[in-house]
Structures are given as C-alpha cells and as structure tokens.
Amino acid sequence: MKNIQYFIGGLFLLLVHTSCNKLKETPYSSIFTDNFYKTASDAEAALTAVYGPMVNLYNTAGTGASDFSADQIYPRPVVGRDTYTLFSYDANYTTQKSFSRQTESPQQIWQSCYSGIEKANWVLYKVPQTNMDSARRSVILGEAFYMRAFYMWMLTKNFRDIVVKTSPSISLDSALIGKTAQADVFKQIYRDLDQAIAKLPSYSASIQKGRPSKEVAMALYAKTALYAQDWATALDKASQVISSGRYSLMPEVLDVYDVTKEDAARQENMWAFECESASPGYSTQIIGLYGPKNSDGPQYAVTSYGSAFAYQAFFDSFNPSDKRRKLLDTNYINKLGQVVAQKDITPITTHGVLVKKYMDKNSVGASGAINIPILRLADVYLVAAEAAARKSGPTAEAYSYINTVRKRAGLPDLTTGLGKDQFVDSVLQERSWELFAEGDRWYDLTRTNTFLQVIPHAVNDVFPTRAPQAKHRYFPIPLDEINANPKLEQNPDWK
C-alpha cells in the first residue's frame with residue numbers, strides 16, 4: 001500500500017513539475033503560411049478573409065452599441081443590452097458575458113476589428129510576392145489597405161488610443177505591442193487610405209458588391225479628417241467625392257432603404273454591410289430588433305422581436321414635412337390587416353416609435369436582405385458642410401452642401417446669416433435626422449464632446465434617468481485583452 005502511495009505521490013510531483021515547465025515555455029511557432037499566397041486564387045481567398053470579421057461586427061455591435069448609447073434609439077431594457085443606455089457597463093463587460101450578449105458589445109468591435117487587421121496585414125505582407133496579374137494584385141492591396149484603415153477607424157472612435165498594428169503576427173514580439181495616441185492613429189489611417197486611393201478603381205457598376213471604390217476611400221478619409229479636426233483635409237476629400245460625379249443622392253430618400261431598390265440605391269449607398277436573407281450570405285440581428293413584437297408587422301420582417309425603438313422626442317424633432325420622418329412610424333398594420341395604434345406597439349411604453357430603415361417583408365425569419373449603410377453620399381455632403389464652416393465660417397459653399405441634403409428631404413434651405421457655431425449645430429442636427437439608426441450619432445456626440453449635455457435629456461418612461469460620466473466618452477478596452485497583452489494599458493478614465 002505504501003509503495004502505491006509513493007508511486008502516486010511521485011507521479012503527482014512529476015505532473016506538477018511538467019505543468020510548471022509548460023507554463024514557462026516560450027511559444028516558438030505561429031500560423032504556417034509558406035505554402036499559401038502562391039497563386040492568384042490564394043490571394044483572392046486571403047482578401048475575402050479580410051472581410052470576414054464584418055459578419056460578427058455588424059451582427060449588432062457595429063451599430064447597436066453606439067446607437068443604444070445615444071439620443072435617437074433605445075432598446076427594450078433587456079439585461080446586457082440596456083447597459084449602454086444606462087452606462088452601467090464595466091471594463092470586463094461582465095453583464096454581456098453573463099447573458100450571452102458579447103456580439104452586441106464593444107468587446108465584439110475590438111475582436112472583429114483586430115481579426116480583420118491581422119488578416120489585412122498578411123495580405124499586405126504576402127501578396128506583393130504572389131505570382132498573378134499585376135493590375136489585379138494592385139487592387140487587392142488597395143482593398144486590404146482600405147479595410148485596415150476602416151478597422152482602425154472603428155477602433156479609435158470607440159476606444160480612442162489603440163494598438164496600431166501594421167505587420168502580421170509572425171512572432172510573439174510582433175503580436176504584442178502597446179497603444180498609439182489617437183492623433184497618430186489618424187495619421188496611420190491617412191497613410192493607408194493614401195495607398196488605397198492610389199490603387200483602387202473609381203466606382204462603376206462592375207465593382208463587386210461590398211467592395212470599396214477610390215471614392216469610398218476618399219469618403220472615409222474625409223470623415224477621419226473631420227474627427228481629427230483637420231478641416232481642410234476633410235473638406236478637400238469630401239468635395240472630391242462629390243465633384244467626381246460617381247455617386248449621387250437618390251431622388252427619394254425612402255428609396256435608399258427599399259430592399260427592392262437596393263442596386264439602384266448604390267448610387268448613394270457608397271459602402272455597406274451587404275446582407276442576404278439566405279445562405280451562403282449573411283444578415284444581421286438589427287433587422288429583427290427593429291420590427292414589431294411577436295413578428296406582428298409582416299411588412300417589417302417575417303420574424304421580429306420589438307426590441308428597439310426611437311425616442312418620442314426624436315420623432316417630434318422632425319419637421320412634419322420632412323420626408324425622413326416617414327422612416328419612423330407611430331402605428332403599424334398587423335397580420336390581420338388591422339392598424340395597431342401607438343399605445344399598443346410595445347408593452348414597455350405607450351410611446352413606442354418604430355424604425356423603418358431595415359424592413360424586408362421577404363426575410364427568412366429575422367434574416368433580411370436590406371443592407372446596413374456604412375458610408376453614404378448624404379453623409380459626405382454633411383461632412384463637407386461642417387468642415388467648410390469650421391474652416392472658413394458659413395460660406396456659400398457650406399450652405400450649398402447642407403441644402404442639397406435638406407432639399408432631398410423636402411425641407412427649405414437653411415436660414416441664412418447664421419454664425420459659425422449656429423451653422424455647425426445645424427449640421428449636427430441635420431446629421432441626426434439624416435443618419436439615425438445607422439450607428440453614427442453617438443460618435444458625433446463624443447467627437448464634439450457634447451454627450452454629457454445631450455444625453456441626460458434623452459429620457460422617457462422606459463429610461464427616465466440617464467447619467468453618463470466623462471469616462472463614457474470612449475468604451476473601456478476589454479479586460480480580457482489587457483490580461484492577454486502585458487504591453488496594453490486601459491484607457492486612463494477607466495483605470
């Protein structure tokens with residue numbers, strides 16, 4: 001019996017010793033890529049992989065985490081989803097993890113974007129040596145530069161100072177690096193977009209759906225410059241997009257969100273997350289969230305949950321003659337053809353306002369084919385208007401840009417003679433009306449640092465009190481990422 005005890009004891013010590021040695025081992029390997037990136041088909045497959053993380057990014061987090069934080073849209077107060085509206089999240093995103101809502105969280109934004117950056121870095125590292133048509137190679141590299149810039153753009157507007165990674169993770173040293181100040185992040189985005197603009201073709205109907213054009217890269221450049229308060233660059237890039245004539249506003253704003261007119265709408269919807277209602281395509285949870293409860297509004301989707309609504313105050317802010325207000329509704333027609341009054345839209349409030357930007361009556365369950373806009377020409381016009389005014393005051397040029405958007409909405413020209421601050425406020429308000437529920441408003445409030453003044457007034461009977469703090473201007477870096485990277489530090493306000 002003693003011999004057995006000694007044997008077991010010795011085996012235990014051996015296992016402990018072995019385990020300790022394993023914990024101390026240095027990883028010597030990485031993803032093996034020597035036999036890949038050899039052919040044109042390899043390069044195409046690698047580029048397709050760069051777009052892959054968009055699926056999880058735009059399942060919900062890409063628009064929801066920011067929209068539920070702002071003053072246009074609020075969610076049904078489901079645990080884990082209402083933390084953005086209530087500003088009750090923590091750096092570990094504990095509630096999201098506990099209730100399986102990580103795909104709706106900033107943690108998903110972090111993971112998806114860095115996954116995309118890593119894939120883009122491999123393309124940029126390997127494809128220049130791939131044996132293939134040189135013209136096609138150039139376009140592939142241009143798309144990879146654009147996508148890396150886009151992912152960095154998403155990261156910095158959510159987390160401020162981020163890890164700027166421009167080479168693949170060939171070794172542990174190249175994988176684990178520290179943060180870069182936001183001003184330098186913007187510079188890297190500029191450099192990537194310069195490369196993208198030089199390599200990408202101008203827009204034409206031959207460009208594959210979901211792929212960026214030269215003008216899309218310039219639009220992202222303009223918007224990045226706006227956030228960097230680089231007014232001259234923002235105006236220059238935005239005006240180049242507009243003057244190129246490659247894109248134009250749809251005559252009717254409602255048609256931008258009509259799933260049956262999706263291809264025609266590409267003249268304005270410059271770049272979007274492309275949704276499909278059936279395999280092998282991908283869709284987004286957003287489509288199901290915005291329809292009436294219990295799938296009761298068949299024009300919205302076959303399956304919908306009644307999980308997100310517009311604030312009544314936001315609906316009331318529209319001029320009644322504004323065509324964009326028709327993208328919201330205070331009643332709907334149910335499966336029996338009956339009109340459901342506003343008081344009965346949702347059990348959580350008698351003031352429910354439905355969002356109609358993501359309707360697809362032919363959805364497969366909650367999977368619809370309506371695209372999620374990321375960059376639209378109307379946005380570019382408003383970037384140009386704001387940049388022009390901030391650079392030189394409310395010039396005739398600045399007025400022309402905002403009035404183009406207002407005219408399409410059925411509104412009169414903006415009042416003349418406004419001061420600079422009044423004009424910029426008018427542009428920001430116009431952006432709110434034009435781009436609602438597209439994941440844009442929260443970033444307008446944070447980049448202008450006005451969210452502390454605006455959000456406490458964006459309340460209703462579902463969320464009667466909202467109290468953001470200064471630290472909520474940017475989301476905390478997920479604690480899992482900090483624990484995994486000893487060179488990564490938490491945002492100062494979240495320490």
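Residues numbered from 1 in each chain as written. Predicted model: local features only at pLDDT ≥ 70, side-chain atom pairs only at ≥ 80, totals over all residues. Heavy atoms only, no water.

*Asks:* Break down the overall build of the protein chain for me, citing the residues and quoting the values.
*Replies:* From N to C terminus, the protein chain includes 20 helices and 8 strands. Computed over the C-alpha atoms, the radius of gyration of the protein chain is 24 Å, within 12% of the 23 Å expected from 2.2 N^0.38 for a compact globule of 495 residues. Once the C-alpha set of the protein chain is aligned to its principal axes, its extents read approximately 90 × 55 × 45 Å. Within the protein chain, the proportion of its 495 residues that are buried is 55%. (Helix = DSSP H or I, 4+ residues; strand = E, 2+ residues; numbered from the N terminus. Rg over C-alpha atoms; globule rule 2.2 N^0.38 Å. Buried < 20%, exposed > 50% of the residue type's maximum accessible area, 1.4 Å probe, protein only.)

*Asks:* Residues and numbers for the confidence of the model for the protein chain, please.
*Replies:* Confidence in the prediction of the protein chain, expressed as mean pLDDT, is 93, and 93% of residues score 70 or more. This stretch, residues 1-25, has a pLDDT under 50; its non-local contacts, to residues over four places away or in other chains, come to 0 contacts. (pLDDT = per-residue confidence, 0-100. Contact = heavy atoms within 4.5 Å.)

*Asks:* Go over the pairing of strand E8 (residues 372-376), please, and point to the residues and values.
*Replies:* Here E8 lies mainly inside the structure; 5 of its 5 residues are buried. As defined by bridge partners, strand E2 (residues 269-273) adjoins E8 across 4 bridges and the pair is classed as antiparallel. Across the sheet, the residue bridging to alanine 272 is proline 373, located in E8. (Pairing = 2+ DSSP bridges.)

*Asks:* Residue-level account of the side chain of aspartate 379, with values.
*Replies:* Tracing the chain through its elements places aspartate 379 in helix H15 (residues 377-392). Reaching out from aspartate 379, the side chain makes a polar contact with the side chain of arginine 431 at a distance of 2.8 Å. In this view, aspartate 379 contacts Lys223, Arg431, Leu435 and Asp440; residues no more than four positions away in its chain are not counted. (Polar contact = N/O pair within 3.5 Å; in protein donor to acceptor, adjacent residues only side chain to side chain.)

*Asks:* Outline the packing of helix H8 (residues 134-159) against helix H11 (residues 214-227), listing residues and values.
*Replies:* Contact geometry of H8 with H11 gives a least axis separation of 11 Å together with a crossing angle of 25°. Overall, the two elements H8 and H11 adopt an arrangement that is roughly parallel. Considering how the two elements wind past one another, H8 and H11 form a crossing that is left-handed. Counted together, Tyr146, Ala149, Phe150, Trp153 and Lys157 of H8 and Val216, Ala217, Leu220, Lys223, Thr224 and Tyr227 of H11 form the full contact between these two elements. Here the residues of the contact of H8 with H11 sort into 8 nonpolar, 1 polar and 2 charged. (Axes fitted to C-alpha atoms, helices over the stretch in contact; angles between N-to-C directions. Parallel < 35°, antiparallel > 145°, perpendicular 65-115°, else oblique. Left-handed = near helix turned anticlockwise from the far one by under 90°. Nonpolar A, V, L, I, M, F, W, Y, C, P; charged D, E, K, R; others polar.)

*Asks:* Please set out the nonpolar core residue by residue, giving values where relevant.
*Replies:* Considering soluble globular proteins, one finds that nonpolar side chains tend to be buried as a cluster. Residues Met54, Tyr146, Phe150 and Phe423 are the most contacted members of the largest nonpolar core, which totals 148 residues. Per element, the largest residue contribution to this core is 15 residues, and it comes from H8. Setting aside chain neighbours within four positions, we find methionine 54 in contact with Met147, Phe150, Tyr151, Trp271, Phe273 and Ile374. (Core = buried A, V, L, I, M, F, W, Y, C linked by side-chain atoms within 4.5 Å.)

*Asks:* Give me the lowdown on the pattern of salt bridges, citing residues and values where you can.
*Replies:* Counting across every chain of the model gives 37 salt bridges. The shortest N-O distance in the salt bridge between arginine 406 and glutamate 430 comes to 2.9 Å. Taken together, the residues span a long stretch of sequence, with arginine 406 in helix H16 (residues 396-408) and glutamate 430 in helix H17 (residues 420-435) at a distance of 24 residues. Side by side, arginine 406 and glutamate 430 carry an identical accessibility label, which is buried. Here aspartate 440 and arginine 431 are joined by a salt bridge, their closest N and O atoms 2.9 Å apart. Each member of the pair, aspartate 440 together with arginine 431, is buried. Beyond isolated ion pairs, a larger network of salt bridges with shared partners links Glu268, Asp322, Arg324, Lys357, Arg376, Arg406, Arg408, Glu430, Glu434 and Glu438. (Salt bridge = Lys/Arg side-chain N within 4 Å of Asp/Glu carboxyl O.)

*Asks:* For helix H2 (residues 40-51), give the residues involved together with the corresponding values.
*Replies:* Here H2 contains 12 residues, and its C-alpha end-to-end distance of 17 Å stays within 8% of the 16 Å for a straight helix at 1.5 Å per residue. Along H2, the residues that are buried comprise Asp42, Ala43, Ala46, Leu47, Val50 and Tyr51. Of the surrounding secondary structure, the elements contacted by the buried residues of H2 are helix H3 (54-57), helix H7 (106-126) and H8. (Expected span 1.5 Å × (residues − 1).)

*Asks:* Requested: an account of the packing of aromatic side chains, with residues and values cited.
*Replies:* What describes a pair of aromatic rings is the distance from one ring centre to the other and the angle between the planes of the rings. Applying the stated criterion to the full structure yields 28 aromatic pairs. A centroid spacing of 4.5 Å and a plane angle of 75° characterise the contact between tryptophan 153 and tyrosine 227, whose relative ring orientation is edge-to-face. Of the two residues, tryptophan 153 is situated in helix H8 and tyrosine 227 in helix H11; the sequence distance between them amounts to 74 residues. Three or more aromatic residues joined by ring pairs make a cluster, and in this case those are Tyr84, Tyr89, Tyr93, Phe475 and Trp494. The side chain of lysine 357 reaches across the aromatic face of phenylalanine 436, ending 4.0 Å from its centre. (Phe/Tyr/Trp six-rings, centres within 6.5 Å; stacked < 30°, edge-to-face > 60°. Lys NZ or Arg CZ within 6 Å of the ring centre and 35° of its normal.)

*Asks:* Explain H16 to me, using residue names and the numbers behind them.
*Replies:* Counted at 1.5 Å a residue, the expected span for H16 with its 13 residues is 18 Å, and the 18 Å between its end C-alpha atoms agrees. Those residues of H16 not exposed but buried are Ala398, Tyr399, Tyr401, Ile402, Asn403, Val405, Arg406 and Arg408. Of the surrounding elements, those touching the buried residues of H16 are helix H12 (231-244), E8, H15 and H17. Glycine 410, located one to two residues past H16, shows a positive phi value of around 85°.

*Asks:* Provide a residue-level description of the packing of H7 against H8, including the pertinent values.
*Replies:* Here H7 crosses H8 at 155°, and the two axes come no closer than 9 Å. The orientation of H7 with respect to H8, classified from their angle, is roughly antiparallel. The handedness of the crossing between H7 and H8 is left-handed. Listed contacts from H8 to Pro106, Ile109, Trp110, Ser112, Cys113, Tyr114, Gly116, Ile117, Ala120, Asn121, Val123 and Leu124 of H7 are Ile140, Leu141, Ala144, Phe145, Arg148, Tyr151, Met152, Met154, Leu155, Asn158 and Phe159. The class makeup of the residues in the contact of H7 with H8 is 18 nonpolar, 4 polar and 1 charged.

*Asks:* With reference to specific residues and values, describe unusual backbone geometry.
*Replies:* Along the chain, serine 279 connects to proline 280 via a cis peptide bond; the corresponding omega equals 10°. Its place among the elements puts proline 280 in the loop between E2 and helix H13 (286-290). For asparagine 449, which is not a glycine, the phi torsion comes out positive at approximately 55°. Along the chain, the position of asparagine 449 falls in the loop between helix H18 (441-447) and helix H19 (451-454). Judged by its relative accessible area of 39%, asparagine 449 falls in the partly exposed class.

*Asks:* Summarise the environment of lysine 471; cite the residues concerned and give the values.
*Replies:* Looking at the secondary structure, you find lysine 471 in the loop between H19 and helix H20 (479-484). Taking C-alpha positions, lysine 471 is 9.8 Å from lysine 495, a pair spaced 24 residues apart along the chain. Apart from the residues within four sequence positions on either side, lysine 471 is in contact with Asp493 and Trp494.

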